[in-house]
Amino acid sequence: MYVLEVMSGPLDGKTWAFEQEITIGRDDAVATACITIDRYISRKHARLYHEGDGGLRLADLASRNGTRVAGRSLGAPEPIDLGQPFVIGRTTLRVTHE
């Protein structure tokens, strides 16, 4: 079980638990982790998913403002380490184990 946690931004401290994948966005109809307060987050912005090799991958879903990891824009889906911060809109998040 994983936990997606907001580290900074309007929902600082908010968490969502997930097992295989979670979609992050501003519209609760399409996003499990819904962050409606950050207007720089797209309706369906990014997806975190468990890869068959046991790792997690982060994918941007063609969002308007992109997804950033370590200060650079995310292109293709790439592995992300537990605890590694990433930025969606103006919100910083990370994934940990429950």
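The coordinates are above.
Below you will find a few notes about this structure. (Residues numbered from 1 in each chain as written. Predicted model: local features only at pLDDT ≥ 70, side-chain atom pairs only at ≥ 80, totals over all residues. Heavy atoms only, no water.)

**Considering the environment of G83**
In this structure, G83 sits in the loop between β9 (78-80) and β10 (86-88). Judged by relative accessible area, G83 falls into the partly exposed class, the value being 31%. Sequence spacing of G83 and L4 is 79 residues, and the spatial spacing of their C-alpha atoms is 9.5 Å. Excluding its chain neighbours within four sequence positions, the residues that come into contact with G83 are R94 and V95. (Helix = DSSP H or I, 4+ residues; strand = E, 2+ residues; numbered from the N terminus. Buried < 20%, exposed > 50% of the residue type's maximum accessible area, 1.4 Å probe, protein only. Contact = heavy atoms within 4.5 Å.)

**Some thoughts on the side chain of E78**
For E78, the location among the structural elements is in strand β9. A residue is classified by how much of its surface remains accessible, and E78, at 18% relative accessible area, is buried. A polar contact of 2.7 Å, which involves the side chain of E78, links it to the side chain of R72. Non-local contacts of E78, meaning those with residues more than four positions away in its chain, are made with L56, R57, L58, V69 and R72. (Polar contact = N/O pair within 3.5 Å; in protein donor to acceptor, adjacent residues only side chain to side chain.)

**Overview of the environment of F18**
Summarising the element assignment, F18 is placed in strand β2 (residues 15-18). Residue classification places F18 among the buried positions, given a relative accessible area of 4%. A C-alpha to C-alpha distance of 6.2 Å links F18 and V3, two positions 15 residues apart in sequence. When residues no more than four places from it in sequence are discounted, the contact partners of F18 are M1, Y2, V3, L4, L48, L56 and V95.

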